[in-house]
Amino acid sequence: MSNFEYIETRVEGNIGFIELNRPKVLNALNRGMISEILAAMDNFDRNDDVRAMILSGKGRCFAAGADIDEMAEAGSVDIELMNQFTDWDRIAWIKKPIIGAIHGFALGGAFELALCCDLLIASEDVEFGFPEVLLGVMPGAGGTVRLTKLAGKTKAMEWLFTGRRISASEALHFGIINKAVSKELLLEEAVRFANSIAVQPPLSIRFIKESVLKAIDASIYEGMQFERKNFSMLFSSQDQKEGMKAFIEKRKANFTGK
């Protein structure tokens, strides 16, 4: 892996780890950090040994939010010319599962980054939220869209209108996170989730992720047509032959991602 300025990365077994590393400023997200996160995800996506990746933050929290100093004096044209959301959009192109291990604060842009993950494990003391309205702005990296699709219109409106923090129990209730655990067990639980995915056939995981993301925006009919295409495609894979043969022979399958 390359050396990064704002994040740390490593690979353990079949899991790729990305850790936000600006603890002195509570991992505030600047454009450089987002670019590095995408680069690390892309590297893991191309690494056949990596089956899933975990995104977390070093220090007191996942991330307190965006680096306001970068945009406080910007105008509309400046924001447009920054083209800052290109990297955010490209996160959606990552084929392998992304698991967020979120602790402390995940506010504003950090909440949007968490919502880009496919699964979210959070510490019991976590606080999510979109405080942008308190600064005279609003989320711009997908927050209003992803939160609405997860929690529904009325709760999304409540949280976005007021900037109110969302607790772990509330996030769990509204389907924003998969599980809440103690801070001490957070990374261990995220690794457990990642390992349970890593033993599955990689092509199946890839096509399942594609199909679920397609289903979010498509009609039921369109989503089902896409699902059926992916279902059929898997019958050209070696893993499909191995998986079904292993089932018939009552043994553990050896999936190779081919």
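See the structure printed just above.
Model, not experiment: these values are computed from the prediction.

S.K.: Tell me about the nonpolar core, and name the residues and values.
M.R.: With 46 residues, the main nonpolar core has Leu20, Leu29, Met41, Phe62, Leu113, Phe128 and Leu147 as its most contacted residues. Considering every element that reaches this core, the biggest residue donor is helix 1 (residues 31–46), with seven residues. Listed in part, the 15 residues of the second largest apolar core include Ile15, Val181, Ala194 and Ile205.

S.K.: Quick one: what's the story with the state of the cysteines, residue by residue and with numbers?
M.R.: Within this structure, the stated rule accounts for zero disulfides. Between Cys116, a free cysteine, and Cys117, which holds the nearest cysteine sulfur, the sulfur-to-sulfur gap is 7.1 Å. With relative accessibility at 13%, the residue Cys116 sits in the buried group.

S.K.: Could you give me a rundown of the side chain of Lys155, with the residues and numbers involved?
M.R.: Looking at the secondary structure, you find Lys155 in helix 6 (residues 153–162). With a relative accessible area of 16%, Lys155 lands in the buried category. Here the side chain of Lys155 touches Glu158 through a polar contact of 2.8 Å, side chain to side chain.

S.K.: Please set out the environment of Gly57 residue by residue, giving values where relevant.
M.R.: Here Gly57 shows up in strand 3 (residues 52–57). Note on Gly57: relative accessible area 8%, which makes it buried. Counting along the chain gives 39 residues from Gly57 to Ile18, while the straight-line C-alpha distance between them is 8.2 Å.

S.K.: Any chance you could break down the sheet that holds strand 8 (residues 166–167) for me, citing the residues and the numbers?
M.R.: As summarised here, the arrangement of the three strands in space is 5-7-8, forming an open sheet in which the pairing is mixed. At either margin of the open sheet sits one strand with a lone partner, and together these are strand 5 (105–107) and strand 8.

S.K.: Mind laying out the pairing of strand 6 (residues 119–123), listing which residues take part and the relevant values?
M.R.: Buried residues dominate strand 6, accounting for four of its five residues. Across four bridges, strand 4 (residues 98–102) lies against strand 6 in parallel orientation. Pairing of Ala101 across the sheet is with Ile121, part of strand 6. In this structure, strand 6 lies alongside strand 9 (residues 179–181), joined through three bridges in parallel fashion.

S.K.: Which residues make up the packing of helix 9 (residues 202–217) against helix 10 (residues 220–233), and what values go with them?
M.R.: Their axes nearest at 9 Å, the elements helix 9 and helix 10 cross at an angle of 175 degrees. Between helix 9 and helix 10, the angle is such that the two are roughly antiparallel. In this structure, helix 9 uses Phe207, Glu210, Ser211 and Lys214 to contact helix 10, whose residues at the interface are Phe226, Glu227, Asn230 and Met233.

S.K.: For the pattern of salt bridges, give the residues involved together with the corresponding values.
M.R.: This model, assessed by the stated rule, comprises 18 salt bridges. Connected through salt bridges with shared partners, the residues Lys155, Glu158, Arg164 and Glu170 form a single ionic network.

Rules used in this analysis
Residues numbered from 1 in each chain as written. Predicted model: local features only at pLDDT ≥ 70, side-chain atom pairs only at ≥ 80, totals over all residues. Heavy atoms only, no water. Core = buried A, V, L, I, M, F, W, Y, C linked by side-chain atoms within 4.5 Å. Buried < 20%, exposed > 50% of the residue type's maximum accessible area, 1.4 Å probe, protein only. Helix = DSSP H or I, 4+ residues; strand = E, 2+ residues; numbered from the N terminus. Disulfide = S-S within 2.5 Å. Polar contact = N/O pair within 3.5 Å; in protein donor to acceptor, adjacent residues only side chain to side chain. Pairing = 2+ DSSP bridges. Axes fitted to C-alpha atoms, helices over the stretch in contact; angles between N-to-C directions. Parallel < 35°, antiparallel > 145°, perpendicular 65-115°, else oblique. Contact = heavy atoms within 4.5 Å. Salt bridge = Lys/Arg side-chain N within 4 Å of Asp/Glu carboxyl O.

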